[in-house]
Amino acid sequence: MNRRDFLKFSMGAGAGLLFPGARIYGAPEDYTGRFLVTLQAEGAWDVSSFCDPKENQAGEREITQWSRSSATQSVGNINYAPYANNTALFSKYFNDILIVNGIDMQTNSHTTGVLHNWSGRNSVGYPSLTAMFSAANAPDLPVSYLNYGGYAETARLVRYTRLADINQLRQILSPNTLPWDADQSFRQSAFLQRVQQAQQSRLDRLRTAASILPRQKYTMDAYYEARENSQSLEDFAEELPPNEELQPRIEVADGLNSSLMQQIQVTTLAFKSGVAASADLVLHGFDTHTDHDALHEPLLAHLADAIDYFWTFAETEGIADRITLLIGSDFSRTPYYNSSNGKDHWPIGSLMMMERNASWGNRVVGLTDESQNAIPINPTTLVRDDSAGTIIYPRHVHKALRSYLGLDTNSIADPFPFTNTEDISFFNSAYMSS
C-alpha cells in the first residue's frame, strides 16, 4: 500500500475520533481563492489602550495609566495608544488597516458578546463569518474551516476542524509510521487493505439502512466523505515541520501561556497546502478585572507581535495577498479602573480589519466620546450625525463584510438575513469618520 492509500485509510479510521466536530472532505487539485481569518482576543480587550485611545480628563476618574505621561499617537489617519507594542504594529501596517470603533455589542455578558461579535446577531442560530466563507468558497477542502477555540458556530453549513494536538495530526496523516521512528512501519499493507474494505462495506450498509435517523445519516455521510476524499492531505503532511521547528507556547504573563504563534504557523501551512480556506485563531486572557495593566500590556504586546508574524510568515509562504484578517473581541473594558486596579466589562468596542495593500486601508470608521460611549454616524459619509445617524452594531459590520467577501449573493446566506439594517460605507475609501 502506498502513502496515499495509507492517508485515505487513516482519515477514515481516525479523524472523527481525534477531532470531534471535524468534517473532512477531499480538496480540489488547486485552490486559488482567498482566505479569511479571525483572531479572537478572548475575554474582552481594552481598546482605550489599543486602537481607540483615551486620555485622562481633568477632574474625572483615571481612564488609562499610559496617558499620565504620554499622549495619543498617530500614523497616517490612524490614532493609537503608545502602549505595549502598538507603535511597531501601526507604524508598519497602517496602510493595511481599517479600524471600526464605537461598535455597540449591547451586552456585558461574555457569552452574548462573543456570539454577537462573530455572528452579527446576539441570539443563537447564525454561523460564524468564517464558517459561511468556507461553505461558500471551499466546502470540499479537507479541513476547510479550522478553529482553535472561541466562536465556531457552523449552522451545519460546514464542519470545523480543531487542531488541538499536532502530534495526533501527524499520526492520522501517517498511520503506518512509528511515532518514535519515522523510517519504520508497523502494519502490513495487506492487513490495512482488508480492514479498510471491511469498514467501507459496513459503512455502506449502515448508511442505507431503513431505520437510520436523520442525525445519524448526517454523521455517517460526513464519515463516508472523509474516507472517500482524503488524499490531498498528503501535501499538508509534507508541509508540517518537525516538532523542534514548531513555534513554541509562550508565557505571556505569569501563569498565562499562548499557542497563538503555532496556530498562525499551522494555519498558514494549511492554506499554502490547499487544504483550508478559513480559520479562527484565539488568544485568551483579556478578562482583566484585577491588575489590568500588569496583564493587558503583555497581552497586547504579544498580540502585536503575533499579527506581525502572521503577515511576515504569510508573505514568506507566498499567500499574504490572498488573506483577509479580522481582529476583535467580546466587547471592551470600562473607561476607568475598579478598586482592584482592574477594568470591568463595557459594551462599546472595536474591530480591526487587515489586508495587504487594501484600497480601504489607513482609515477609521466610527466614533466614541472621551468616556468611550458610541456616537451615531451618517451611514454614507461616516461623519458624526447626532440627529439622524446610526450607532454601529455588529450586524452592520457583518452585513458589510458579507457583501465585501461576496457571501451576500450566495444562497447559503439566505437563511441568515440582516433585515432592517443600514448599509454603512465601511469599505468606501473616500470617507472616514470625524
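Residues numbered from 1 in each chain as written. Predicted model: local features only at pLDDT ≥ 70, side-chain atom pairs only at ≥ 80, totals over all residues. Heavy atoms only, no water.

What follows deals with the overall build of the protein chain. Of regular secondary structure, the protein chain possesses 11 helices and 18 strands. Going through the 434 residues of the protein chain one by one, you find that 55% of them count as buried. Look at the contacts in the protein chain between residues 6 or more apart in sequence, and 73% of them connect residues 24 or more apart. In the structure as shown, the protein chain presents an accessible area of about 18,200 Å², 45% of it carried by carbon and sulfur atoms. (Helix = DSSP H or I, 4+ residues; strand = E, 2+ residues; numbered from the N terminus. Buried < 20%, exposed > 50% of the residue type's maximum accessible area, 1.4 Å probe, protein only. Contact = heavy atoms within 4.5 Å. Areas by Shrake-Rupley, 256 points an atom, 1.4 Å probe, with all protein chains shown as cover.)

The strand order across the open sheet formed by eight strands is S6-S5-S11-S1-S12-S15-S4-S16, and the pairing between neighbours is mixed. Each of the sheet's edge strands pairs with one partner strand only, and the pair in question is strand S6 (160-162) and strand S16 (363-365). Neighbour to neighbour, the strand axes of the sheet diverge by 20° on average, direction disregarded. Pairing geometry for strand S12 (residues 323-329) and strand S15 (residues 348-354), over three bridges, is antiparallel. Among the inter-strand pairings, Ile327 is bridged to a residue of S15, identified as Met352. The sheet strands contacting helix H9 (residues 260-273) are strand S1 (35-41), strand S5 (145-147) and strand S11 (278-283), and the helix crosses S11 at an angle near 175°. (Pairing = 2+ DSSP bridges. Axes fitted to C-alpha atoms, helices over the stretch in contact; angles between N-to-C directions.)

Another point: the nonpolar core. In terms of nonpolar packing, the biggest core is built from 109 residues, with Phe90, Met352, Met353 and Phe426 touching the most fellow members. Looking at this core element by element, the count peaks at 11 residues for helix H10 (residues 292-316). When residues no more than four places from it in sequence are discounted, the contact partners of Met352 are Phe50, Leu89, Phe90, Ile97, Leu98, Ile99, Ile307, Leu325, Leu326 and Ile327. (Core = buried A, V, L, I, M, F, W, Y, C linked by side-chain atoms within 4.5 Å.)

This part takes up the pairing of strand S9 (residues 250-253). Two faces, one strand: in a regular strand the side chains alternate between the faces of the sheet. One ladder, built from three bridges, connects S9 with strand S10 (residues 256-258); its direction is antiparallel. Paired with Ile250 across the bridge in S10 is Ser258. In sequence, S9 turns back onto S10 through a hairpin of two residues, with Gly255 there showing a positive phi of about 80°.

The next point concerns H10. The end-to-end C-alpha separation of H10 is 36 Å, in line with the 36 Å expected for 25 residues at 1.5 Å each. Trailing H10 by a residue or two, Gly318 shows a phi angle of about 80°, which is positive. (Expected span 1.5 Å × (residues − 1).)

For any two helices packed against each other, the geometry is given by the interaxial angle and the distance between the axes. Where helix H2 (residues 86-93) contacts H10, the two axes come as close as 9 Å, and the packing angle between them is 30°. By the criterion of interaxial angle, the relationship of H2 to H10 is roughly parallel. You can see that H2 and H10 cross each other, and the crossing is left-handed. Residue-level inspection shows Leu89, Lys92 and Tyr93 of H2 in contact with H10, the latter providing Ala304, Ile307, Asp308, Trp311 and Thr312. (Parallel < 35°, antiparallel > 145°, perpendicular 65-115°, else oblique. Left-handed = near helix turned anticlockwise from the far one by under 90°.)

Evaluated as defined, the whole model comprises 11 salt bridges. Between Glu62 and Arg68 there is a salt bridge, with its nearest N and O atoms 2.6 Å apart. For Asp308, the salt bridge is made with Lys92, and the minimal N-O distance between the two is 2.8 Å. On the criterion of sequence distance, the pair formed by Asp308 in helix H10 and Lys92 in helix H2 is long-range, its members being 216 residues apart. Using a relative accessible area of 27% as the deciding quantity, one classes Asp308 as partly exposed. Through salt bridges with shared partners, a single ionic network connects Asp96, Glu315 and Arg356. (Salt bridge = Lys/Arg side-chain N within 4 Å of Asp/Glu carboxyl O.)

By the secondary structure assignment, Asn101 is in strand S4 (residues 97-104). Side-chain polar atoms of Asn101 contact the side chain of Ser350, separated by 2.7 Å. Once you skip the residues sitting within four places of it in the chain, Asn101 turns out to touch Cys51, Asp52, Gly349, Ser350, Val364, Val365, Gly366, Leu367 and Ile392. (Polar contact = N/O pair within 3.5 Å; in protein donor to acceptor, adjacent residues only side chain to side chain.)

Here the focus is the confidence of the model for the protein chain. Across the protein chain, the average pLDDT comes to 88, with 85% of residues at or above 70. Note that residues 1-28 has pLDDT below 50 and, in this model, 94 contacts with residues that lie over four places away or in other chains. (pLDDT = per-residue confidence, 0-100.)

As a further point, take the packing of aromatic side chains. By the definition in use, this model includes 14 aromatic pairs. Their ring planes at 20° and their centres at 5.3 Å tell us that Tyr80 and Phe90 sit as a pair that is stacked. Here the residue Tyr80 occupies a position in strand S3 (residues 78-80), and Phe90 occupies one in helix H2, the gap between them amounting to 10 residues. You can call Tyr80 buried: its relative accessible area is 4%. (Phe/Tyr/Trp six-rings, centres within 6.5 Å; stacked < 30°, edge-to-face > 60°.)

The next thing to look at is helix H4 (residues 129-137). Counting buried residues along H4, seven of its nine residues qualify, which places the element largely inside the surrounding structure. For H4, every residue scored as buried is listed here: Leu129, Thr130, Ala131, Met132, Phe133, Ser134 and Ala135. Where the residues of H4 are buried, they touch S1, helix H3 (110-119), S5, S11, S12 and helix H11 (394-404).

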